[in-house]
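Listed below, chain by chain, are the residues.
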Amino acid sequence: MAGWTPFLTGSLASSAITVARTVVARLNTPDCLQKAIAEAPGQSAFANRICWLPHSLSQGYAGLALLCGYLDECFPRERWDLKARDYLQVAARAAEASGELPLGLFSGLSGLAFAAWRLSRGGQRYQRLLASLDHSICRRAMAAARSIRGRNGAAFSEFDPISGLSGVGAYLLCRRGEPHMLAALLSLVEGLVDLLSEADGVPRWYTPPHLLGDERTREVCPHGNLNFGLAHGIPGPLALLSLVHAAGISAPGLAEAIARTADWLCENRFDDAWGLNWPSFVPLIQTESAHGQHLEAPSARTAPDGPSRCAWCYGSPGIARALWLAGEALGRQDYRDLAISAMDAVFRRPVAVRRIPSPTFCHGVAGLLAITLRFSHEMPREQGSPAFSTEIRALVEQLLASFQPESLLGFRHIETRDSEMDQPGLLEGAPGVALALLAAATGAEPTWDRLFLLS
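Rules used throughout
Residues numbered from 1 in each chain as written. Predicted model: local features only at pLDDT ≥ 70, side-chain atom pairs only at ≥ 80, totals over all residues. Heavy atoms only, no water. Helix = DSSP H or I, 4+ residues; strand = E, 2+ residues; numbered from the N terminus. Rg over C-alpha atoms; globule rule 2.2 N^0.38 Å. Contact = heavy atoms within 4.5 Å. Areas by Shrake-Rupley, 256 points an atom, 1.4 Å probe, with all protein chains shown as cover. Buried < 20%, exposed > 50% of the residue type's maximum accessible area, 1.4 Å probe, protein only. Polar contact = N/O pair within 3.5 Å; in protein donor to acceptor, adjacent residues only side chain to side chain. Core = buried A, V, L, I, M, F, W, Y, C linked by side-chain atoms within 4.5 Å. Expected span 1.5 Å × (residues − 1). Arc of directions from axis to C-beta. Disulfide = S-S within 2.5 Å. Axes fitted to C-alpha atoms, helices over the stretch in contact; angles between N-to-C directions. Parallel < 35°, antiparallel > 145°, perpendicular 65-115°, else oblique. Left-handed = near helix turned anticlockwise from the far one by under 90°. Nonpolar A, V, L, I, M, F, W, Y, C, P; charged D, E, K, R; others polar. Pairing = 2+ DSSP bridges. Salt bridge = Lys/Arg side-chain N within 4 Å of Asp/Glu carboxyl O. Phe/Tyr/Trp six-rings, centres within 6.5 Å; stacked < 30°, edge-to-face > 60°.

Across its full length, the protein carries 16 helices and eight strands. Relative to a compact globule of 455 residues, whose C-alpha radius of gyration would be 23 Å, the protein shows 21 Å and is just as compact. Projecting the C-alpha coordinates of the protein onto the three principal axes gives extents of approximately 70 × 50 × 45 Å. Pairs at least 24 apart in sequence give 71% of the contacts found in the protein among residues at least 6 apart. Of the roughly 17600 Å² that the protein leaves accessible, carbon and sulfur atoms contribute 51%.

Here is the structure:
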């Protein structure tokens, strides 16, 4: 595959880089960063929301280290690796002071290790930090993988990219050249393959009601649900297992689990007026028979909230990317075709109905841009122009139009209709927007997007 080339040219590329640099400059101004950290919780519409975890990748210094590491790749003469090192050291000290941290990628040990690995230049730097983190990650990942084998029902936080095994696996896949890391990855894959089977016609990865995250969801889903989001549902394990298979790693039942899950997503859609789509989740139903009560998985069209938003976390873009990766892994053109059709439907939808008003990554425009860039890079070119080139330009223009130079960090996270936040974290804040803009405007491949299971 050809190397990464800038998708933007001329004044639009210059504007994207200038705005990204402005965001980075503000994040790197200590008073500005500390003010954002202090003010974000009070700006949230949700009481007691945690907006900053110093050690973390999603909303901490590890995420800022990752951003500066990418800047070093974009502008290698500017020595951004030194700033990245400073942030990584702060994150590592915070992790050490925090005691037992979660395992997950976005807020735990795997995320800190992912940042260190991305900055290590192939393992040449930060060897002691990586060795310490990897020892704990391997042990805990294997234990977590064992715990889901033979299960019928699981909390999505056990298998998703944010907190669960799919995210941990993304890091282990980066480190598969180390025998102990490969062993942990194989154990994790075995656990996910087992979970991605069915029992009595219901996927075993369903979430039972007592493991659902909030009271409202439990009321809507009294018998549990099936989650369709890349961030918290079955597309996460599908994307990871597809990346593992494509990397040449074999495991019993791996190809079958990928095909079974991809087929399930292909069959369980909730299309709308613009084309292919999926819901965020579907409640399970309970039926009576002569043999007792049974759970059933109804049609996706029974989803109470209808088709989902057009974001990385939920909706067509994230699911399309998982299906594309499955098609690449198994050589299935039908999966790839469906993924492209889903992206075409996203761009047929007017901006106003995509339901991603925020410029940020998780459920905003930056995430859609990052996914579109990956598709454009990998899809066959026609008539010498990159696929989705018009859409990429439109998304960048949308981001630049949402730039607020008078705000603290330049971009504000639109949390709800009535609340905007000066969020300094990568997942929901200004750093994620800067990463996406730089990926569109420079020739440095955004390999950081493994964090989001996009590559």
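From this point on, the discussion continues.
With that out of the way, let us pick up unusual backbone geometry. In this structure, arginine 121 is a non-glycine residue whose phi angle is positive, near 55°. Tracing the sequence through the fold places arginine 121 in the loop between helix H5 (109-119) and helix H6 (127-148). Classification of arginine 121 by relative accessible area gives partly exposed; the value is 42%. A positive phi angle is found at leucine 453, which is not glycine, with a value near 60°.

The next thing to look at is the side chain of arginine 412. Summarising the element assignment, arginine 412 is placed in the loop between helix H15 (389-401) and strand S7 (413-416). Residue arginine 412 is classed as buried on the basis of its relative accessible area of 18%. Separated by 3.5 Å, the side chain of arginine 412 and the backbone oxygen of glutamate 420 make a polar contact.

The next thing to look at is the nonpolar core. Within the largest apolar cluster, 164 residues are counted, with the highest numbers of intra-cluster contacts made by Trp312, Leu323, Val396, Leu437 and Phe452. Every residue in contact with leucine 437, bar those within four places of it in the chain, is listed here: Ala16, Val19, Ala20, Leu369, Val396, Leu399, Leu400 and Phe411.

Here we take up the environment of isoleucine 319. For isoleucine 319, the position within the fold is in helix H12 (residues 316-330). Separated by 259 residues in the primary sequence, isoleucine 319 and glycine 60 have C-alpha atoms spaced 27 Å apart. When near neighbours in sequence (up to four residues on either side) are disregarded, isoleucine 319 contacts Phe228, Pro235, Leu265 and Trp278.

Our next topic: H12. For H12, spanning 15 residues, the distance from its first C-alpha to its last is 21 Å, which sits close to the expected 21 Å at 1.5 Å a residue. Most of H12 is tucked away: 13 of the 15 residues are buried. Glycine 331 lies just past H12 and shows a positive phi near 65°.

Moving on, we get to helix H1 (residues 10-27). The end-to-end C-alpha separation of H1 is 26 Å, in line with the 26 Å expected for 18 residues at 1.5 Å each. Of the positions making up H1, those classed as buried are Leu12, Ala13, Ala16, Ile17, Val19, Ala20, Val23, Val24 and Leu27. The buried residues of H1 occupy an angular sector of 165° when the element is viewed end-on, so they sit on one face. Next to the buried residues of H1 lie helix H2 (30-43), helix H3 (61-74), helix H4 (80-97), H15 and helix H16 (430-441).

In this section: the state of the cysteines. Disulfides are covalent bonds that connect the sulfur atoms of two cysteines. Summed over the entire model, instances satisfying the criterion amount to zero disulfides. As a non-bridged cysteine, cysteine 221 has cysteine 313 as the owner of its nearest cysteine sulfur, 17 Å distant. Just so you know, cysteine 266 is unpaired, no disulfide at all, and the nearest cysteine sulfur is the one on cysteine 310, 18 Å from it.

So, about the packing of H15 against H16. Two numbers describe how H15 lies on H16: the axes approach to 11 Å, and their chain directions differ by 140°. In this view, H15 runs oblique relative to H16, as classed from their interaxial angle. The handedness of the crossing between H15 and H16 comes out as left-handed. Contact residues: Val396, Leu399 and Leu400 in H15; Val433, Leu437 and Ala440 in H16. Across the contact of H15 with H16, the residue classes break down as six nonpolar, no polar and no charged.

Sheet topology note: the S7/strand S8 (residues 419-421) ladder contains three bridges and is antiparallel. By the bridge assignment for S8, histidine 413 is matched with methionine 421. In this antiparallel pair of consecutive strands, S7 and S8, the connection spans two residues.

Let us now look at the pattern of salt bridges. Going through the model one piece at a time under the given rule, you end up with 25 salt bridges. As a salt-bridge pair, arginine 79 and aspartate 81 come within 3.0 Å of each other at their nearest N and O atoms. Glutamate 158 serves as the salt-bridge partner of arginine 151, at 2.8 Å between the closest nitrogen and oxygen. Connected via shared salt-bridge partners are Asp72, Arg79, Asp81, Arg121 and Arg125.

A separate point is the packing of H3 against H5. Running from N to C, H3 and H5 point in directions that differ by 20°, and their axes come no closer than 9 Å. Taken as axis vectors, H3 and H5 run roughly parallel relative to one another. With respect to the hand of their crossing, H3 and H5 are arranged in left-handed fashion. Touching Ala62, Ala65, Leu66, Gly69 and Glu73 of H3 are Leu112, Phe114, Ala115, Arg118 and Leu119, all from H5. Per-class residue counts for the contact of H3 with H5 are seven nonpolar, one polar and two charged.

Take the packing of aromatic side chains next. For any two aromatic rings, the description comes down to two numbers: the centre-to-centre distance and the angle of the planes. Tallied over the full model, the rule gives 16 aromatic pairs. With 5.3 Å between their ring centres and 85° between their planes, tryptophan 205 and tryptophan 264 make a pair best called edge-to-face. Taken as a pair, tryptophan 205 in the loop between strand S2 (202-203) and helix H9 (215-220) and tryptophan 264 in helix H11 (residues 254-267) lie far apart in primary sequence, 59 residues in all. With a centroid separation of 5.4 Å and an interplanar angle of 55°, the aromatic rings of phenylalanine 403 and phenylalanine 411 are classed as tilted. The same class applies to phenylalanine 403 and to phenylalanine 411, which are both buried. By way of ring pairs, the aromatic residues Tyr70, Phe106, Trp312, Phe361, Trp448 and Phe452 are connected into one cluster.

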